[in-house]
Amino acid sequence: MEIDIALVRTWAQQAGDMLLRSYFNQVSPERKLDKSLVTAADRAIEDWLRAAIHAHFPDHGVLGEERDPVGLDREYIWVIDPIDGTSSFVSGLPMWAVSIGILRHGEPQAGVIYLPVLGDCYWALAGSQAFWNNDVPIQVAPPQPPGPNDWIAIPSTFHRAYTIHYPGKVRVLGSVAADCCYVARGQAKAAIIGKAKVWDVAAGWVIVQSAGGVVCPLEGTLPDWMTLLQTIRLPTPVVIGHPQQVAQVCAVVQRIKP
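Described in the following lines is the structure provided in the data block. Residue numbers here run from 1 along each chain, matching the order of that chain's written sequence. Owing to the predicted nature of the model, reporting of local features is limited to residues with pLDDT of at least 70; listing and counting of side-chain atom pairs is limited to 80 or more, with chain, interface and lining totals taken over all residues. Each side-chain value is worked out from all heavy atoms of the structure, with water and hydrogens disregarded.

## Describing the packing of aromatic side chains
Then, number 1: To pair, rings of Phe, Tyr and Trp, with the six-membered ring standing in for Trp, must have centres within 6.5 Å; the planes then decide the type, stacked if under 30 degrees apart, edge-to-face if over 60, and tilted in the middle. Scanning the model with the defined rule gives 11 aromatic pairs in all.
Then, number 2: Ring centres of Phe24 and Phe89 lie 5.4 Å apart, and the angle between their planes is 40°; this geometry places the pair in the tilted category. In this pair, Phe24 is assigned in the loop between helix H1 (5-22) and strand E1 (30-31) and Phe89 in helix H3 (residues 86-90), connecting sequence segments 65 residues apart.
Then, number 3: We call a residue buried when its accessible area falls under 20% of the maximum for its residue type, exposed when it is over 50%, and partly exposed in between, using a 1.4 Å probe and counting protein chains only. Residue Phe24 is classed as buried on the basis of its relative accessible area, which comes to 14%.
Then, number 4: Consider the rings of Tyr122 and Trp132, whose centres lie 6.2 Å apart with planes at 15°: the pair is stacked. In this pair, Tyr122 sits in strand E7 (residues 120-125) while Trp132 sits in strand E8 (residues 130-132), placing the two residues 10 residues apart along the sequence.
Then, number 5: Relative accessible area serves as the criterion here: at 0%, Tyr122 is assigned to the buried category.
Then, number 6: Cation placement over rings: the criterion is NZ of Lys or CZ of Arg within 6 Å of the ring centroid and within 35° of the ring normal. Taking NZ or CZ as reference, Arg185 lies 3.8 Å from the ring centre of Trp132, over its face. Numbering of helices and strands runs from the N terminus; a helix is a DSSP stretch of H or I covering at least four residues, while a strand is a stretch of E covering at least two.

## Thoughts on the pattern of salt bridges
Then, number 1: In what follows, salt bridge is the name for a side-chain nitrogen of Lys or Arg lying within 4 Å of a carboxyl oxygen of Asp or Glu. Scanning the entire structure with this criterion turns up seven salt bridges.
Then, number 2: Across the salt bridge formed by Arg43 and Glu30, the nearest N and O atoms sit 3.4 Å from each other. Of this pair, Arg43 sits in helix H2 (residues 40-56) while Glu30 is found in strand E1, placing the two residues 13 residues apart along the sequence.
Then, number 3: What makes Arg43 partly exposed here is its relative accessible area of 26%.
Then, number 4: For Glu30, a relative accessible area of 40% puts it in the partly exposed group.

Limitation: the analysis is restricted to geometry and does not speak to function.
Here is the structure:
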């Protein structure tokens, strides 16, 4: 890949530092048409990232949460979320992230996620190892029976449509990117991701798979990434983690009958 992953890590950390310095606990949210939250920080950081990408890679496409897509037919496409976990961000909670994924020929090739409040950076190149901070290799949790203090991450609204009888604990982190990082690091045994949008999962997808995990649809099948770039949202919740952990979680989840 022609992109230096160290440069992407630097951009993610610079964006996170700007968010902490100029916006965190200092901005008010607005409601978008889809009722999700947005702030001036989301727009400013996405604009900054787009400018950096365009200056270094003018032939690359970009898809982000807050601005119109550019060049989705190009060899390289950057999929960025300036603040994954905006609700946590505006609530003053620490679990939010800058997420940058890179696709080549319609397949995820690189991912960088930076959690500014914690100072944690996770990153991976497809087909290689996943890393945390100063090049510490990470792996998903091994397939052992869950103990009472083991935990999985779930969406905050998951209980509205599904029941889950996991023998350990369930936690809501408030950020899909953070879910992916804690699964990749082996802290969370697995995570259920709701019908997320592509900018929520593009970076985490690579990091989880590079850490030995899988992304498995809870129901139905997943389309290819070129389709996802057009439809934007995952058609079904997915479960991420070690293949056997994923199977264990899927076995204890049931849809609530209407």
